[in-house]
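Report on the structure
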Amino acid sequence: MNGMFWEFRQQQDISNAQSSARRAADHAREAKQAAETVQFLEQKVDKLALICRAMWELLGESNNVSEEILFEKIKEIDLRDGQLDGKMTVTPKKCPRCSRVMSRRHNRCLYCGTEERPDTPFELL
């Protein structure tokens, strides 16, 4: 009887160890995916920064626009939401037909079906 109890306990410990190993493998896979996502986003941000820099230099050279003017424009855009916080806060858009708040991910009102085109290309981001 004591040997049967020992055998049962051993099987239970093995099963628990296998479950822990599976959970650890799942966590490792999730961590790897998260690291790959972060790396992808960092590369994307670096490319966007490069594009913005090139656009700024072209604009400055061709229109004789100073960095002071650029800083003022950045501040103006930042303050559109009432806070100087280095972010552009998007205000919710209301449907022109039913006045309900529209999802930024859709160009059609989820409630009444009215199609609404973005005001600027930046609303597509």
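Calculation rules
- Residues numbered from 1 in each chain as written.
- Predicted model: local features only at pLDDT ≥ 70, side-chain atom pairs only at ≥ 80, totals over all residues.
- Heavy atoms only, no water.
- Helix = DSSP H or I, 4+ residues; strand = E, 2+ residues; numbered from the N terminus.
- Salt bridge = Lys/Arg side-chain N within 4 Å of Asp/Glu carboxyl O.
- Buried < 20%, exposed > 50% of the residue type's maximum accessible area, 1.4 Å probe, protein only.

1. Let's talk about the environment of T120
Its place among the elements puts T120 in the segment after β2 (101-102). When the C-alpha positions of T120 and R23 are compared, they lie 46 Å apart, and in sequence the two are 97 residues distant.

2. Describing unusual backbone geometry
A positive phi angle, close to 55 degrees, is found at N64, a residue other than glycine. Within the secondary structure layout, N64 lies in the loop between α1 (2-63) and α2 (67-78). Positive phi, close to 65 degrees, is recorded for S99, a residue that is not glycine. Considering the arrangement of structural elements, one finds S99 in the loop between β1 (93-94) and β2.

3. Here we look at the pattern of salt bridges
Side-chain pairing between opposite charges can occur once the charged atoms of the two side chains come close. By the definition in use, this model includes 7 salt bridges. Across the pair D13 and R9 runs a salt bridge, and its minimum N-O distance is 3.8 Å. You can see D13 and its partner R9 sitting in helix α1, 4 residues apart, about one turn around the helix. The class for R9 is partly exposed, based on a relative accessible area of 39%. For R108, the salt bridge is made with E115, and the minimal N-O distance between the two is 3.2 Å. One continuous salt-bridge network, built from bridges that share partners, spans K73, E76 and R80.

Read these as spatial facts, not as claims about activity.
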